[in-house]
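# Secondary and tertiary structure notes
The primary structure of each chain is shown beneath.
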Amino acid sequence: MSYETLLTESRGAVALVTLNRPKALNALNSTVMAELADALAGFGKDETVGAIVLTGCEKAFAAGADIKEMQGIDFVDAYLGDFIFGWEAIASVRKPMIAAVSGFALGGGCELAMMCDVIIASETAKFGQPEITLGVIPGMGGSQRLTRAIGKAKAMDLVLTGRMMDAAEAERAGLVSRIVPAERLMDEALEAAAKIAAFPRAAVLMAKEAVNRSFEATLSEGLRFERRLFHSLFATADQKEGMAAFIEKRKPEFSNR
Ligand SMILES: CC(C)(O)CC(=O)SCCNC(=O)CCNC(=O)[C@H](O)C(C)(C)COP(=O)(O)OP(=O)(O)OC[C@H]1O[C@@H](n2cnc3c(N)ncnc32)[C@H](O)[C@@H]1OP(=O)(O)O
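Residues numbered from 1 in each chain as written. Predicted model: local features only at pLDDT ≥ 70, side-chain atom pairs only at ≥ 80, totals over all residues. Heavy atoms only, no water.

## Here's the deal with the site of the ligand
Spelled out, the test is: Summary of the distance rule: residues count as near a molecule or strand when at least one heavy atom falls within 4 Å of that molecule or strand. Counting of polar contacts relies on pairs of N or O atoms within 3.5 Å, with two restrictions inside protein: one atom must be capable of donating a hydrogen and the other of accepting it, and residues adjacent in sequence are counted only when both atoms are side-chain atoms. For helices the rule is a DSSP run of H or I covering at least 4 residues; for strands it is a run of E covering at least 2, with both sets numbered from the N terminus onward. When residues are grouped by polarity, Ala, Val, Leu, Ile, Met, Phe, Trp, Tyr, Cys and Pro land in nonpolar, Asp, Glu, Lys and Arg in charged, and all others, Gly among them, in polar.
In the neighbourhood of the ligand, 25 residues make up the surrounding shell, with Lys59, Ala65, Gly108, Glu111 and Glu131 lying closest. The contact in question runs from an oxygen atom of the ligand to an N or O atom on the side chain of Glu111, over 2.8 Å. Among the elements of the structure, helix H2 (67-70), strand S6 (104-106) and helix H4 (108-115) are those that each provide at least two residues to the shell around the ligand. Considering every element that reaches the shell around the ligand, the biggest residue donor is H2, with three residues. Of the residues assigned to the shell around the ligand, the class counts are 15 nonpolar, four polar and six charged.

## A short note on the packing of helix H9 (residues 201-213) against helix H10 (residues 219-232)
Each packed pair of helices is defined by two parameters, the angle between the axes and the distance between the axes. Quick reminder of the rule: Axis definition: a line fitted to C-alpha atoms, limited for helices to the stretch in contact. Angles are taken between N-to-C directions and run from 0 to 180 degrees. By the definition adopted for this analysis, an angle is roughly parallel if under 35 degrees, roughly antiparallel if over 145, roughly perpendicular if from 65 to 115, and oblique otherwise. The contact rule is simple, with two residues in contact once any of their heavy atoms fall within 4.5 Å.
Close contact between H9 and H10 brings their axes to 10 Å; oriented N to C, the two are set at 170°. In terms of orientation, H9 lies roughly antiparallel with respect to H10. Here Met206, Glu209, Ala210 and Arg213 of H9 lie close against H10, whose contacting residues are Phe225, Leu229 and Ser232. Counted by class, the contact of H9 with H10 contains four nonpolar, one polar and two charged residues.

## Comments concerning the domain arrangement of the protein chain
Cut-off, in case you're wondering: Residue ranges for the domains originate in an automatic or database domain assignment. Two parts placed together each lose some accessible area under a 1.4 Å probe, and the buried area is that loss summed for both. By definition, a salt bridge exists where a carboxyl oxygen of Asp or Glu is found within 4 Å of a side-chain nitrogen of Lys or Arg.
Taken domain by domain, the protein chain holds domain 1 (6-197) and domain 2 (200-248). Of note, the centres of domain 1 and domain 2, computed from C-alpha atoms alone, are 27 Å apart. Facing twelve residues of domain 1, the contacting portion of domain 2 comprises six residues. Approximately 780 Å² of surface area, both sides summed, lies buried where domain 1 meets domain 2, with 50% of it carried by carbon and sulfur atoms. Our count for the domain 1 to domain 2 interface comes out at one salt bridge. Across the pair Asp117 and Lys208 runs a salt bridge, and its minimum N-O distance is 2.8 Å. Grouping the constituent residues of the side of domain 1 that touches domain 2 by class yields five nonpolar, two polar and five charged.

## Regarding a nonpolar patch on the surface
Note the threshold: Surface patches are drawn from residues lacking salt bridges whose relative accessible area is over 30%; two like charges belong together within 9 Å, two nonpolar side chains (Val, Leu, Ile, Met, Phe, Trp, Tyr) within 5 Å. The Shrake-Rupley method, run with a 1.4 Å probe sphere, supplies the accessible areas, and residue values consider only the shown protein chains as cover.
On the surface, a nonpolar cluster with roughly 520 Å² of combined accessible area is contributed by Phe75, Val76, Tyr79 and Leu80. Here Tyr79 is to be found in helix H3 (residues 75-80).

Written as structure tokens, this is what we have:
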């Protein structure tokens, strides 16, 4: 499939999606978001794909929603059209997604990275929710996902001042999973995705579902949910294979069954 604003490719069991509007610092307009949702839905259905890496260009993962596109929208357009509603679809991709972030991840760009499961950042990465400087607030989950990721004190600081945090601060705060030298970013992200994609598919999807459930459920509900998923994996051939391989001191051969 070819897109106007994205590059997509499969590398073994890993799908790589690259935002491709570098001159606009990958500003997220409605075409980008529709194409991204389409590409991710396609990779979601593709049985050969076990994990997805989402990246941008060297200067920007994405500098937020496209301000030039948003500028002319009035309240009635925004409200009746439920502006950006469909963009949340990206967070419902079931396969693990790694955001490989170089440069700016601002506004919707930071929110897009937070819809992914793991954020691997180059030393050059800068994160922020600068919407307040434009007279609005985050609209794609920034006030909610950022607060859950880094806590109220830091989230308030970023959302109210619009300041950026560098990769080191973002890692200390718990937003970023790992920081790597700029030249290692794509290798690290693709290697991590390949590692995940090689594990039994059902266990991987359930692991993601279980961790995400912790954001929604009480501790006792979350623990029960986790235990039920854990129990269900004993019905898979891959659990038998994984445990037999350990005991027989050999590499497992998973079948995703
Ligand atoms: C999703 C919601 C609901 O949460 C809302 C949002 O995301 S609102 C958007 C939040 N993002 C921002 O406010 C960041 C805006 N960009 C910047 O502040 C700067 O571009 C920068 C600090 C990221 C980089 O600055 P600099 O290196 O000086 O590059 P520029 O010359 O400013 O940018 C190059 C080029 O890209 C265009 N650009 C950058 N960001 C956006 C954007 N968000 N929307 C549209 N276009 C953007 C910028 O206009 C330049 O293009 P030209 O004007 O030269 O054609």
